[in-house]
Amino acid sequence: MNEIATVTQAQETGTARPRPRPRAGVLDIAAYVPGKSKGSHGKTVHKLSSNETPLGTSAAARAAIEDVARHLELYPDGSASELRSAIGDVYGLNPERIICGAGSDEVLSLLAYGYLGPGDEAIYCEHGFLVYDIAIRAAGATPVVAPETGLTTDVDAILARVTDKTKMVFIANPNNPTGTYLPFEEVRRLHEGLPADVLLVLDAAYGEYVRRNDYESGIELAATADNVFMTRTFSKIYGLASLRLGWGFGPAHVIDALNRIRGPFNVSSVAIAAGIAAVRDREFVALSVDHNDKWLPWLTSELEKLGLRVTPSVGNFVLIHFPEEDGKRAVDADAYLLERGCVLRLVGNYGLPNALRMSVGSEDANRTVVAHLKDFLG
Ligand SMILES: *Cc1c(COP(=O)(O)O)cnc(C)c1O
């Protein structure tokens, strides 16, 4: 059937010769657009476009990589067991219920491939992380977008969109690019409102940064419920974005399913070694949290003093809203900053056409961007 279908399709579309075609839906996916890494004229003074840490990487993690680099001819431990044990130790989790991936993006994709297919629906939020949309569509399922209230996940809006076809709900908590979060009571209410066969995925990529008494990253629910799964990353507070390392924690039956479909060596030896050292370096994490605790409020108030509106953030980034008047729009601010080597992130593809997202940077980066924006607003 396939050959004939391909030929017919080619004839219908006027293509001269048959060629392989992706399955239905693949070409409807908008490829992920990463943050720019260079300013205008190829010059970058401060890269603040991807929520990376300004503190680099733990020295212990860098040292661990040097050791592994002497044996790149060997396959990694396919089960990443030492890394899972280290994560388990530090976070107080059973390593048997942890899976590692090439970034948490891979874990999110594995969840979609394992649990979604054509005819299924998966819900994510209006300004939610776009990787969910890609993962859902790539699995052949249909994304359903729940509106937010005040740029924050709206539990009732999600619950109102659950149908017989719903198989999964993705929540980033805190969310990127808004920086807002859902208190634990609300996450619990969402979980209680979902049918038992719907998997609730809690993406806590920024969980380590949050300093709120009513926040819980998802460990508690993922440890006790049969349908809750938490994802985490080494890309943000641990400063290992380039190595592609993330992990997930959830019920044993979900881990079992994901292990059956993941690549046998999906995490490299270099990433494993760096991850073990990084997760054990609590001093580095504490310094990163302190840095953020100091500069997140500073940035927020300095930007507000310029007359800009900033969405209250609990992550390591801020969402800056621009006034509508001529020449003071987010795209113009972005161009102005790029010209000066400061790379922020336009978030029009997140439904926020007049906002810029900025990572909390070094002291120099934060002061420089505020000074440039002051000049820009004139
Ligand atoms: C940065 C980020 C991640 C991390 O992705 P990795 O693949 O682990 O680098 C996951 N979720 C959200 C919401 C993020 O912003």
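What counts and what doesn't
Numbers given for residues are sequential positions, taken from 1 along each chain in its written order. At least 70 in pLDDT is required for a residue's local features to be given in this predicted model, at least 80 for side-chain atom pairs to be given and counted, and no such filter applies to totals for whole chains, interfaces and linings, which use all residues. The side-chain figures draw on all heavy atoms in the structure; neither hydrogens nor water molecules are used. By definition, any uninterrupted DSSP run of H or I lasting at least four residues is a helix, any uninterrupted run of E lasting at least two residues is a strand, and each is numbered from the N terminus. Radius of gyration here is computed from C-alpha atoms only, and the compact-globule reference equals 2.2 Å multiplied by the residue count raised to the power 0.38. Each residue's exposure class comes from its accessible area (1.4 Å probe, protein chains only) as a fraction of the maximum for that residue type: buried when under 20%, exposed when over 50%, partly exposed otherwise. Only heavy atoms matter for contacts: two residues are in contact if any of them lie within 4.5 Å across the pair. The method behind every accessible area is Shrake-Rupley, applied with a 1.4 Å probe, and residues are considered shielded solely by the protein chains displayed. Here Asp and Glu are counted as negative and Lys and Arg as positive; His is not counted, and neither are the chain ends. In this description, the location of a charge corresponds to atom NZ of lysine, CZ of arginine, CG of aspartate or CD of glutamate. UniProt positions are given in the numbering used here, feature names are shortened, and annotations may be inferred rather than shown by experiment. One requirement defines pairing of two strands: DSSP has to find at least two bridges between them. Where helices are involved, their axes are fitted lines through C-alpha atoms of the stretch in contact, as for all axes, and angles between N-to-C directions lie from 0 to 180°. Throughout, the term near means that a residue has one or more heavy atoms lying within 4 Å of the molecule or strand in question. Pairs of N or O atoms are called polar contacts if they sit within 3.5 Å, as long as, within protein, a hydrogen donor faces a hydrogen acceptor (for residues adjacent in sequence, only side-chain-to-side-chain pairs). Throughout, the ten residues Ala, Val, Leu, Ile, Met, Phe, Trp, Tyr, Cys and Pro are labelled nonpolar, Asp, Glu, Lys and Arg are labelled charged, and all others, Gly among them, are labelled polar. Residue ranges assigned to each domain were obtained from an automatic or database domain assignment. By convention, the term buried area covers the 1.4 Å-probe accessible surface removed from two parts as they join, with the contributions of both added. Whenever Lys or Arg places a side-chain nitrogen within 4 Å of a carboxyl oxygen from Asp or Glu, that contact is recorded as a salt bridge. Centres within 6.5 Å are what make two rings of Phe, Tyr or Trp a pair, Trp counting through its six-membered ring; a difference in plane orientation under 30 degrees is then read as stacked, over 60 as edge-to-face, and the rest as tilted.

J.: Hey, could you run me through the overall build of the protein in this one?
T.: For the protein, the count of helices and strands is 13 helices and 13 strands. In summary, the protein has a C-alpha radius of gyration of 22 Å against a globular reference of 21 Å for 378 residues, a match within 12%. Projected onto the principal axes, the alpha-carbon positions of the protein cover approximately 65 × 55 × 45 Å. Every one of the 378 residues in the protein was classed for burial, and the buried ones make up 54%. Here the contacts in the protein between residues at least 6 apart in sequence split such that 74% fall between residues at least 24 apart. Surface accessibility of the protein: about 16900 Å² in total, with carbon and sulfur atoms responsible for 52%. Considering the protein, the positive charge centre built from 37 side chains and the negative charge centre built from 47 side chains are found 5 Å apart.

J.: Even after reading the chapter, I still don't get the UniProt feature "domain: Aminotransferase class I/classII large" (unreviewed entry) in the protein, so can you show me in this structure?
T.: Using the residue numbers shown here, the UniProt feature "domain: Aminotransferase class I/classII large" (unreviewed entry) corresponds to residues 45–372. Measuring from the first to the last C-alpha atom of residues 45–372 gives 13 Å, for a span that is 40% helix and 18% strand.

J.: Explain the sheet that holds strand β10 (residues 317–321) to me, please; I cannot follow it from the model alone.
T.: Strand order across the open sheet formed by four strands is β9-β10-β13-β12, with antiparallel pairing between neighbours. With partners counted over all chains shown, the strands left at the sheet margins are β9 (309–311) and β12 (345–347), one partner each. Between one strand axis and the next, the sheet turns through 35 degrees on average, direction left out of account. In this structure, β10 lies alongside strand β13 (residues 352–359), joined through five bridges in antiparallel fashion. By the bridge assignment for β13, Phe317 is matched with Ser359. Against the sheet, helix α11 (residues 282–305) makes contact with β9, β10 and β13, and its axis sits at roughly 10 degrees relative to β10, the strand it touches most.

J.: Even after reading the chapter, I still don't get the site of the ligand, so can you show me in this structure?
T.: Residues in contact with the ligand amount to 13 residues; listed here are only the nearest, Asp203, Tyr206, Thr233, Ser235 and Lys236. Interatomic distance of 2.6 Å between a side-chain N/O atom of Ser235 and an oxygen atom of the ligand. Take Arg244: an N or O atom from its side chain is 2.6 Å from an oxygen atom of the ligand. When the free accessible area of the ligand is taken as 390 Å², the share hidden by the protein chains comes to 94%. Looking at the shell around the ligand, the element that brings in the most residues is helix α4 (residues 103–115), giving three residues. Of the residues assigned to the shell around the ligand, the class counts are four nonpolar, five polar and four charged.

J.: When you look at the domain arrangement of the protein in this model, what are you seeing that I'm missing?
T.: When the parts of a complex come together, some accessible area is lost, and that lost area is often used as the size of the interface. Domain boundaries in the protein define domain 1 (32–55 + 283–377) and domain 2 (59–280). If you average the C-alpha positions of domain 1 and of domain 2, the two centres end up 25 Å apart. In this complex, domain 1 contributes 26 residues to the contact, which on the side of domain 2 involves 26 residues. Contact between domain 1 and domain 2 buries roughly 2200 Å² in total, counting both sides, with carbon and sulfur atoms accounting for 66%. Looking at the side of domain 1 facing domain 2, the largest losses of area belong to Tyr32, Val314 and Tyr350, adding up to 30% of the total buried there. The salt bridge partner of Arg211 is Asp293, with a shortest N-O separation of 3.0 Å. At the boundary of domain 1 and domain 2, one finds six residue pairs in polar contact (both at pLDDT 80 or more). Secondary-structure elements contributing two or more residues to the side of domain 1 that touches domain 2 are α11, β10 and β13. Residue contributions to the side of domain 1 that touches domain 2 peak at seven residues, all from α11. Residues that form the side of domain 1 that touches domain 2 fall into these classes: eleven nonpolar, twelve polar and three charged.

J.: Teacher, can you tell me more about the packing of aromatic side chains here?
T.: For any pair of aromatic rings, the description consists of the separation of the ring centres together with the inter-plane angle of the planes. Taken as a whole, this structure holds twelve aromatic pairs when the rule is applied. Judged by centre distance (6.3 Å) and plane angle (75 degrees), the rings of Tyr32 and Phe129 are edge-to-face. Taken together, the residues span a long stretch of sequence, with Tyr32 in the loop between α1 (2–13) and β1 (46–47) and Phe129 in the loop between β3 (121–125) and α5 (130–138) at a distance of 97 residues. Its relative accessible area of 34% is what places Tyr32 among the partly exposed residues. For Phe129, a relative accessible area of 11% translates into the label buried. Ring geometry for Tyr124 against Tyr132: centres 6.5 Å apart, planes inclined by 65 degrees, an arrangement best described as edge-to-face.

J.: So what exactly am I meant to see when it comes to unusual backbone geometry here?
T.: Most of the time, phi is negative for any residue but glycine, and the peptide bond is trans. Following Asn173, the chain continues into Pro174 via a peptide bond in cis, with omega recorded as 0 degrees. The omega angle of the peptide bond from Asn176 to Pro177 is 15 degrees, so this bond is cis rather than trans. Note that Pro177 resides in the loop between β5 (166–172) and α7 (184–193). Within the chain, Asn51 stands out as a residue other than glycine whose phi angle is a positive 60 degrees. If you trace the backbone, Asn51 turns up in the loop between β1 and α2 (59–68). With a relative accessible area of 0%, Asn51 lands in the buried category.

J.: Even after reading the chapter, I still don't get the sheet that holds strand β4 (residues 142–146), so can you show me in this structure?
T.: Each strand in a sheet pairs with its neighbour through backbone hydrogen bonds, running either in the same direction (parallel) or in the opposite one (antiparallel). Pairing is mixed in the open sheet, where seven strands are placed in the order β2-β8-β7-β6-β5-β3-β4. In this open sheet, the two strands that pair with only one neighbour each are β2 (98–101) and β4. With strand direction ignored, the average angle separating the axes of adjacent strands in the sheet is 20 degrees. In the sheet, β3 pairs with β5 via three bridges, with the strands oriented parallel. Directly across from Ile123, in β5, lies its bridge partner Val169. Of the strands in this sheet, β2, β6 (199–203), β7 (228–233) and β8 (246–249) are in contact with helix α9 (residues 252–261), which crosses β2 at around 30 degrees.

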